[in-house]
Amino acid sequence: MIRPIRPARSRYRRVALALSLGVALGGCQRASDPGALIAEARQYRQQGDIDAAVIQLKNALQKDPNNRDARRLLGEVYIEQADAVSAEKELRRAVALGSPTTELLVMLGKSMLLQGQFQRVLDEFNSVPDAAGRPAVLALRGAALLGLGKRPDAGAVFDEALKAAPALPEALLGLARIAFADGAPARAAELVERALAAHPGEPDCLRFKGDLLRVDGKLDAALAAYRAILELHPHNAQARVDIAGLLTDQGKFADARAELKAARKVSPGRLSLFYAQAMLDFRERKYPAATESLQQILRAAPEYYPAILLLGAVESASGANQLAEQHVQKFLAAYPGHVHATKLMGTLYLRANHANAVLDLVTPVLAQHADDADLLILAGEAHMRARHYSQAADYFERASALRPRVSALHTATALGRLANGERERALAELERAAVLDIKSPRAGTLLVMGYLRANAPDKALAAVRDMEKQGDGALVQNLKGGVFLARQDVPGARASFARALAHDPLYLPALDNLAQLDLLEKHPDDARKRYQAALAKSPKNAPLMEALARLASGQGRPQEAIGWLERACRDNPESTSLALRLAHYYLRGGDTRKALMLAQKLQGANPSSPELLSLLAQVHSARQDLPAAADAYAKLALLQSASARPQMKLASLHLALNDERAAVASLHKAIAIEPGLMEAHQMLLAILLAHKKFAEAGQLAAALQQRMPQAAGGYKLEGDLRIAQGQPAAALAAYERAFALEPGSGLMIQLHGALIAAGRDADADQRMAQWLARNADDLPARLHDASSKLVRNQLDAAIEQLEQVLRRDPKHVLALNDLAWGLQRIKDKRALEFAERAYRLAPGSPAIMDTLGWICLESGDIARALPLLQKASALAPDAAEIRYHLGVVLAKAGDRRGARRELERLLSSGADSARRAEAKALLATL
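Residues numbered from 1 in each chain as written. Predicted model: local features only at pLDDT ≥ 70, side-chain atom pairs only at ≥ 80, totals over all residues. Heavy atoms only, no water.

Our next topic: the overall build of the protein. Assigned secondary structure in the protein consists of 55 helices and zero strands. Here the protein holds 926 residues, and the buried ones make up 45% of them. Put simply, of all contacts in the protein between residues at least 6 apart along the chain, 46% involve residues at least 24 apart. Accessible area of the protein: about 45,100 Å², with a carbon and sulfur share of 53%. (Helix = DSSP H or I, 4+ residues; strand = E, 2+ residues; numbered from the N terminus. Buried < 20%, exposed > 50% of the residue type's maximum accessible area, 1.4 Å probe, protein only. Contact = heavy atoms within 4.5 Å. Areas by Shrake-Rupley, 256 points an atom, 1.4 Å probe, with all protein chains shown as cover.)

What follows covers helix 5 (residues 68-80). For the α-helix, the turn length of 3.6 residues means that residues three or four positions removed from each other point alike. Its 13 residues give helix 5 an end-to-end C-alpha distance of 19 Å, which sits within 8% of 18 Å, the value for a rise of 1.5 Å per residue. Within helix 5, 10 of the 13 residues are buried, which leaves the element mostly enclosed by the surrounding structure. For helix 5, the set of buried residues is Ala70, Arg71, Arg72, Leu73, Leu74, Gly75, Glu76, Val77, Tyr78 and Ile79. Between the side-chain oxygen at the start of helix 5 and the backbone nitrogen of Asp69 there is a gap of 3.1 Å, and the oxygen is on Asn67. (Expected span 1.5 Å × (residues − 1). Polar contact = N/O pair within 3.5 Å; in protein donor to acceptor, adjacent residues only side chain to side chain.)

Here we take up unusual backbone geometry. For Arg285, which is not glycine, the phi torsion reads 65 degrees and is therefore positive. Looking at where Arg285 falls in the secondary structure, it is placed in the loop between helix 17 (271-283) and helix 18 (287-300). For Arg285, a relative accessible area of 67% corresponds to the exposed category. Phi at Lys522 is positive, roughly 65 degrees, even though this residue is not glycine.

Another point: the packing of helix 43 (residues 713-724) against helix 44 (residues 728-741). Axis separation between helix 43 and helix 44 bottoms out at 8 Å; the angle between their running directions is 160 degrees. The angle between helix 43 and helix 44 falls in the class roughly antiparallel. Handedness of the helix 43/helix 44 crossing: left-handed. Between helix 43 and helix 44, the residues in contact are Tyr715, Lys716, Glu718, Gly719, Asp720, Arg722 and Ile723 and Pro728, Ala730, Ala731, Ala734, Tyr735, Arg737, Ala738 and Leu741, respectively. Residue composition of the contact of helix 43 with helix 44, grouped by class: nine nonpolar, one polar and five charged. (Axes fitted to C-alpha atoms, helices over the stretch in contact; angles between N-to-C directions. Parallel < 35°, antiparallel > 145°, perpendicular 65-115°, else oblique. Left-handed = near helix turned anticlockwise from the far one by under 90°. Nonpolar A, V, L, I, M, F, W, Y, C, P; charged D, E, K, R; others polar.)

Attention shifts here to the packing of aromatic side chains. Under the defined criterion, the tally for this structure stands at three aromatic pairs. Taking the centre distance of 6.1 Å and the plane angle of 50 degrees together, the rings of Phe282 and Tyr287 count as tilted. Plain terms: the ring middles of Tyr305 and Phe331 are 6.3 Å apart, the flat faces sit at 70 degrees to each other, and that makes the pair edge-to-face. Here Phe331 lies in helix 20 (residues 321-334) and Tyr305 lies in helix 19 (residues 305-318), a separation of 26 residues in the sequence. Overall, Tyr305 belongs to the buried group, its relative accessible area being 18%. (Phe/Tyr/Trp six-rings, centres within 6.5 Å; stacked < 30°, edge-to-face > 60°.)

Counting 79 residues, the largest nonpolar core has Leu57, Phe125, Leu168, Val192 and Phe208 as the members making the most contacts within it. Once residues lying within four places of it in the same chain are set aside, the contact partners of Phe125 are Leu105, Leu108, Gly109, Met112, Val137, Leu140 and Arg141. By size, the runner-up hydrophobic cluster in this structure holds 54 residues, among which are Ala493, Tyr507, Cys569 and Val619. (Core = buried A, V, L, I, M, F, W, Y, C linked by side-chain atoms within 4.5 Å.)

Now for the packing of helix 19 against helix 21 (residues 339-351). The interhelical angle for the contact between helix 19 and helix 21, taken along N-to-C directions, is 30 degrees, at an axis separation of 11 Å. Here helix 19 is positioned roughly parallel relative to helix 21, judged by the angle of their axes. Classified by chirality, the crossing of helix 21 by helix 19 is left-handed. Contact with helix 19, carried on its side by Leu309, Gly312, Ala313 and Ser316, involves His340, Ala341, Leu344, Leu348 and Arg351 of helix 21 and no other residues of that element. Class assignment for the residues of the contact of helix 19 with helix 21 results in five nonpolar, three polar and one charged.

Inspection of the entire model under this criterion finds 43 salt bridges. Between Arg494 and Asp518 there is a salt bridge, with the nearest N and O atoms lying 2.9 Å from each other. One end of the pair, Arg494, is in helix 30 (residues 490-503); the other, Asp518, is in helix 31 (residues 508-520), with 24 residues separating them in the sequence. Measuring nitrogen to oxygen at the nearest pair gives 3.6 Å for the salt bridge that ties Asp761 to Arg792. Pair noted here: Asp761 is in helix 46 (residues 761-774) and Arg792 is in the loop between helix 47 (779-791) and helix 48 (795-808), with a separation of 31 residues, a long-range link. A single network of salt bridges, built from pairs that share partners, joins Asp761, Asp765, Asp785, Lys789 and Arg792. (Salt bridge = Lys/Arg side-chain N within 4 Å of Asp/Glu carboxyl O.)

We now examine the layout of surface pockets. Summary: where empty space remains is shown by rolling a probe the size of a single water molecule over the atoms. The volume enclosed by the second largest pocket comes to roughly 940 Å³. The wall of the second largest pocket is formed by 34 residues, among which Asn356, Ala357, Glu674, Gly676 and Leu677 lie closest to the centre. Secondary-structure elements contributing two or more residues to the lining of the second largest pocket are helix 22 (355-368), helix 23 (373-385) and helix 43. Top element by residues in the lining of the second largest pocket is helix 22. It accounts for six residues. Of the residues in the lining of the second largest pocket, the class split is 17 nonpolar, 11 polar and six charged. (1 Å grid on protein atoms, 1.4 Å probe; cavity = no way out; pocket = protein on both sides within 12 Å on 5 of 7 lines; lining within 4 Å. Points joined across faces, edges and corners; volume = space filled by probe spheres on them.)

This part takes up the environment of Lys594. Mapped onto the secondary structure, Lys594 falls in helix 36 (residues 592-605). Through-space distance from the C-alpha of Lys594 to that of Val619 is 9.8 Å; in sequence the pair is 25 residues apart. With near-sequence residues (within four places) excluded, Lys594 lies in contact with Glu566 and Tyr586.

By the secondary structure assignment, Ala729 is in helix 44. Between the C-alpha atoms of Ala729 and Ala754, which are 25 residues apart in sequence, the distance is 7.4 Å.

On to the environment of Glu160. Within the element layout of this structure, Glu160 appears in helix 10 (residues 151-164). Spatially, the C-alpha atoms of Glu160 and Ala139 are 9.0 Å apart, while their sequence positions differ by 21 residues. Setting aside residues up to four positions removed in sequence, Glu160 forms contacts with Arg134 and Leu138.

Our focus in this paragraph is the side chain of Gln603. Following the sequence through the fold, Gln603 ends up in helix 36. Once residues within four sequence positions are removed from consideration, Gln603 is found in contact with Leu612, Leu613 and Leu616.

On to helix 32 (residues 524-537). Here helix 32 spans 21 Å end to end across 14 residues, near enough to the 20 Å set by a 1.5 Å rise per residue. For helix 32, the set of buried residues is Ala527, Arg528, Tyr531, Ala534 and Leu535. Seen along its axis, helix 32 keeps its buried residues to an arc of 125 degrees; they face one direction. Facing away from the buried surface of helix 32 by more than 90 degrees, the exposed residues are Lys529, Ala536 and Lys537. For helix 32, the elements touching its buried residues are helix 31, helix 33 (542-554) and helix 34 (558-571). (Arc of directions from axis to C-beta.)

Turning our attention to the confidence of the model for the protein. When pLDDT is averaged along the protein, the result is 81; 87% of the residues meet or exceed 70. When pLDDT is averaged over each element of the protein, helix 50 (residues 830-841) comes out on top at 93 and helix 1 (residues 11-21) at the bottom at 29. Here residues 1-31 scores under 50 on pLDDT; set against residues more than four positions off or in separate chains, the count is 41 contacts. Scored below 50 in pLDDT, residues 406-420 shows 49 contacts in the model against residues more than four places distant or in partner chains. (pLDDT = per-residue confidence, 0-100.)

See the structure below:
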């Protein structure tokens, strides 16, 4: 005899059960009867003891595997436990035992619907065994069509079901779901009430009523609807899960936990229970616990998309942005345009500083949800990051219209207006923000700064005094000190900064400001003592040690600066940001060994940190270990799959390693990630042109033009291609079109060059003169114009332009060098002075050594010219001009053999014809 498995209950429970059943047989005799076991299972189920019910039904099936009632009842219990797979298995066995009832078939269909097997339901339930069961089967088909997103077809099927059974709750509920999805919540509520009028205790209808009320913000009424389910069905686990979710939304975490505990007793394996627990843990910031619950769901149901989205939110809150992106991307692939997922993904892209990715993601969703303030804020922030200040301000303004009492939105609008030069509109927004939130200093601070930018120090002082009335603290006094500085009241500024430190002796902005005043007054020791006195009060204060490091670095004491940072890292070993800064100091100081050791240590402890991988790659590059740098950037590219930057770094390294195929692959990946990235297009074009692959280059330019017809990039690429093909007229047409779309310095320079190449010098000079008249401070264009005039022997005009550059930037090395060259050509003695100035600023530049050396030679100073030109030629061995100059100076110094050697090298190198002729002429004299 097979001994049945007995449910583990107390003896008092068993006695009570025996009395209630009124069975006079002994325990062993009763347990051997499948009918008695099924009766016990029903009793356990009524009492909410689902586990005991399942055990008894399995005991019954051990006795009689073909007991259809046991199979059917076990399937129903599994459905209650949300174990749809097991339910389908048992119900199919019950159907196979012969003559299935409509009720059994409908139950089987429900188990399939719970698994999302919508098409299988349509395929299997295309006929009904009897007319009485037709409405229920139609309702099943309607639910399947609804699951497939075919709302009109589903509605027609539900209507057909209602013709035969006007109060069928499944059909009425299906139509209610369609009405809600179509944006008609009132109609949905009406249909649900109609179903409940005919079937007052129907759990699914009560649940949907609660969901509708919850969405409408009527939380108390929603809670009442869920609790009504429990009054009629005390062991309904899903009702408790729904109540827990609502309580979680209200921040009543302890109550929610109690509901989930009660639900777990009834149905511990329910996926919705794990999800609700994960949501509760997420709201309580218990991220590891939330992750564990969600992973349990996904192990059982890998495509359970609510869990995928929530896991993305949990990873985002935990700071694991790359993992979060992967989960949210998977969700959006299944549900494109989902508003909440779009917001989360947009936030993740912003964290990674992918402004264009945010705009690509958010813009189409905004077209359908134009009044969603959160989406508008995301778009505004992305435009700010992309430096589209006017568009950013417009989005923030629309968001503030929807949330007019939110100070931060007025502040954000103001920032966009300020950046776009709309000062008066920005100040008006800041004034509104300051009035709305008088307790927060941010809007007031920005208002004061706005007045200072508008050169209105009196208004700034009045605004900061208004802030003082609301609360006088270190921040306000520091701000007031800045206003006094703007009014050129240094004693007043010092007094305010000192008052800030009286409020908070460690307030770094005030310390920094006083230190800056010390430095301006040539008292660096006072600045250092000021920081050290503060450090004595807080010996492990990392920001103070960083300030001392900056001070030492600024005073030309790099080792002292490194010492302060090393101490800061020792005292704050948990600070990765400090260690990062120390590594960068090592790099700047040329100590790549220490930089590498620190970078490897940091990256080993944080292998998924993009910032640390980037540091490691930079260190390898500085050490000229290009394969290791490429490996680090390849790992970074995997971590930052939505960023084109690592691919660009990889492309540069592949080129340095002479692996053009890999470089091209990386550039294509960068363009796929960021289709408008001009740097990638230009690098790829350069590679194609170097191999004279003009057809592919043309396709690259045409593709960019097609993708971004209102941007200049594609037409600029076409112009570059035509120049390479020796077609200046075609290049000019392309550059003109690009310039019309995006007028700027770079395109003006290329336009000018194309006009010169086309033989239209007068037109080129006229266009450049017009441009410089409107853009007087455009130094690159002015310098290009001067260089062009030097080449065309328009020396006086070139010198005038170079002098204008130097009036705006007296230390512009290229302008100094070109001016020296131009002056030397007209025999102006000032040439040597400008050449010396350029050399002092850039003593390692071969071009500048060449200019100074040649001027010294022509001035008769051969002793000075020779070492300059020798060093310049060693640094730039392929420069024909420098080698010719070296040959000349060697000849004049009497080193005929050396001169002959340099000139012969020049002639064998294929240098330009002008220098070849001069070199041949000189060589003939040696």
